[in-house]
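Topology and contacts: notes
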Amino acid sequence: QERYSATGRTSGAYNKRDGRASDGEILTCRLIDRPLRPSVVDGFCGDVQVLAWVLSYDGIHEAQTLAVQACSAALQLSSVPTLTSVGCARCTLSDDTLTTSPSVTEAASSTFDIIVGAGSDGSVLMVEAEGSFAPEAQALAALNEAVDEAQRIGHAIGAWASALKKDVSDGLRPYPSELESIVEDAYGDAIREQTKALRQGDMASSRKAYGDLCQKVDGLSLEKDYTRADSSRVLKKLSSRAMCALVRSEGLRSDGRDLTTVRPIDIDMAPLPTAHGSVVFTRGETQSLATCTLGDQSMQLRVDDALEPNTEKRFYLQYAFPPSSVGETGRTGAPGRREVGHGALAEKALRYALPDAKTFPYSMRVESLITESCGSSSMASVCGGCLALLDAGVPLTTSVAGVAMGVLLDDVDDPVVLTDILGIEDALGGMDFKVAGSRDGISAFQLDVKELGLKAATLEKALAQAREARLHVLDEMASR
């Protein structure tokens, strides 16, 4: 949490207290969580809360990467068992010059900005990047520089903590190998068929079939004196193994596509007659109803973060993911952390295509309402948001599209990159890599991983594959 006293200020709220987390703080919390979570040993069951406080801020050295490094160091000193020590580094590009650990001013004036979390073994664990349509080669150069620096920092944290670390917790729940054999014998064929369920039906029927399979596996596990948690771990591992085997043996995925094909796209422009701009963007079974509302300066979004006081945004994108979009019931109202993160990513992707304030002196609010989801709703928000802005008459400098990439890491030496991943491929795969940009280059990309082993060379392949997919989506958008 960022304290107002860190910059010699008090909150603008009525009671002057530091209140709920701002969007900026939520994004930093996600930046901390994303690289640390996959570094914890699978099967650790203890509750872990890591708190980071900004108590003093000089306005020169940014706090985000320092917060990740501090939390990584705290985790290494604790009794939590980890697979690697995590480092975090920031790298910017300006005038073809790479700068590692830039100042706040240098980062603000750069044309490309990337934050990377990496393990001391060189595994890439998290990437957050944005820029003014940087070519893939420049993005890769910045990525490699940041990975090297993050690895160096991670190694230093691990070496420092090794002599101070407490005893490792015994709160590990061993993987139930015997249950895996039992479930494989009883339901192995059904699990392998389930990975191909989308070839015969839609997502709703697939979810129902998977729910029925979960109940059967749970029943068998309880009968053998195992827990539902054991059942869930085994079923996920067997499902992931079956999906990887299917792709490697057939070259086809759960829904019958090959590795590089984008799902069918449908676009309905201006479906809402009273909105300034609107579009329904559908890719497969993921759909975004995007709207754009224009206004004067009074509609700008006022941001009063502790470290960035009294700033105003003339463009902002807000993302909503109601539980009905995946056929569930649940809480609605204030956005959760995931919604804040997805909206921020889509906003970054579109920001660099906006006209300047002199050319277009209006405030722009884009909302992406996800009406159905089967993977990559944030990238559907990028595509839908771009089209809604155009429908509202905003003279964008270029069109922007996004696509989510996945990877299968069952064989670390031969990873398989997947284009336009499904929800099941996100859940069972090793990576969720979202890339957005124009025909000329990248405006934003974000990486999350589920396990160690992902190397920068694999991301180079994924970026090239993502470019082909992005150009295809842009062609589809231009034809409507």
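Heads up: the structure comes first, above all this text.
Keep in mind that this is a model prediction, so the values were computed, not measured.

The subject of this paragraph is unusual backbone geometry. Its identity is not glycine, yet D96 carries a phi of approximately 65 degrees, on the positive side. Its place among the elements puts D96 in the loop between β1 (86–94) and β2 (97–100). The exposed category is assigned to D96, whose relative accessible area is 65%.

For the rest of this paragraph, the subject is the environment of P264. By the element assignment, P264 lies in the loop between α7 (228–250) and β5 (265–269). Note on P264: relative accessible area 66%, which makes it exposed. Put simply, P264 and E339 are 75 residues apart on the chain and 25 Å apart in space, counted from C-alpha to C-alpha. Every residue in contact with P264, bar those within four places of it in the chain, is listed here: T282, R283 and G284.

In terms of nonpolar packing, the biggest core is built from 101 residues, with I114, L389, F433, F445 and M477 touching the most fellow members. Ignoring any residue separated from it by four or fewer positions in sequence, one finds M477 in contact with I267, F281, C383, C386, L387, V400 and A401. Core analysis: the next-biggest nonpolar cluster, separate from the first, contains 10 residues, V183, I191, V217 and L235 among them.

This model, assessed by the stated rule, comprises 26 salt bridges. Taking the shortest distance from any N to any O, the salt bridge between R233 and D42 comes out at 3.3 Å. Of this pair, R233 sits in helix α7 while D42 sits in the loop between α1 (23–36) and α2 (64–77), and the two are 191 residues apart along the sequence. Each member of the salt-bridge network shares a partner with another, and the members are D255, R257, R263, R283 and D420.

With that out of the way, let us pick up the sheet that holds β1. Taken in spatial order, the 8 strands make up an open sheet running β2-β1-β3-β4-β15-β14-β12-β13, and their pairing is antiparallel. Every other strand in the sheet has two partners, leaving β2 and β13 (416–419) as the edge strands with one partner each. Taken pair by pair, the neighbouring strands of this sheet meet at an average axis angle of 20 degrees, ignoring direction. With 4 bridges joining them, β1 and β2 adopt antiparallel strand pairing. Bridge pairing links L93 to L98 in β2. Most of the contacts of α7 go to strand β12 (residues 401–408), to which it runs at about 100 degrees, and overall it touches β12 and β13. Sheet strands touched by helix α8 (residues 337–351): β4 (124–134), β14 (431–437) and β15 (442–449). Its angle to β15, the strand with the most contacts, is close to 155 degrees.

Rules used in this analysis
Residues numbered from 1 in each chain as written. Predicted model: local features only at pLDDT ≥ 70, side-chain atom pairs only at ≥ 80, totals over all residues. Heavy atoms only, no water. Helix = DSSP H or I, 4+ residues; strand = E, 2+ residues; numbered from the N terminus. Buried < 20%, exposed > 50% of the residue type's maximum accessible area, 1.4 Å probe, protein only. Contact = heavy atoms within 4.5 Å. Core = buried A, V, L, I, M, F, W, Y, C linked by side-chain atoms within 4.5 Å. Salt bridge = Lys/Arg side-chain N within 4 Å of Asp/Glu carboxyl O. Pairing = 2+ DSSP bridges. Axes fitted to C-alpha atoms, helices over the stretch in contact; angles between N-to-C directions.

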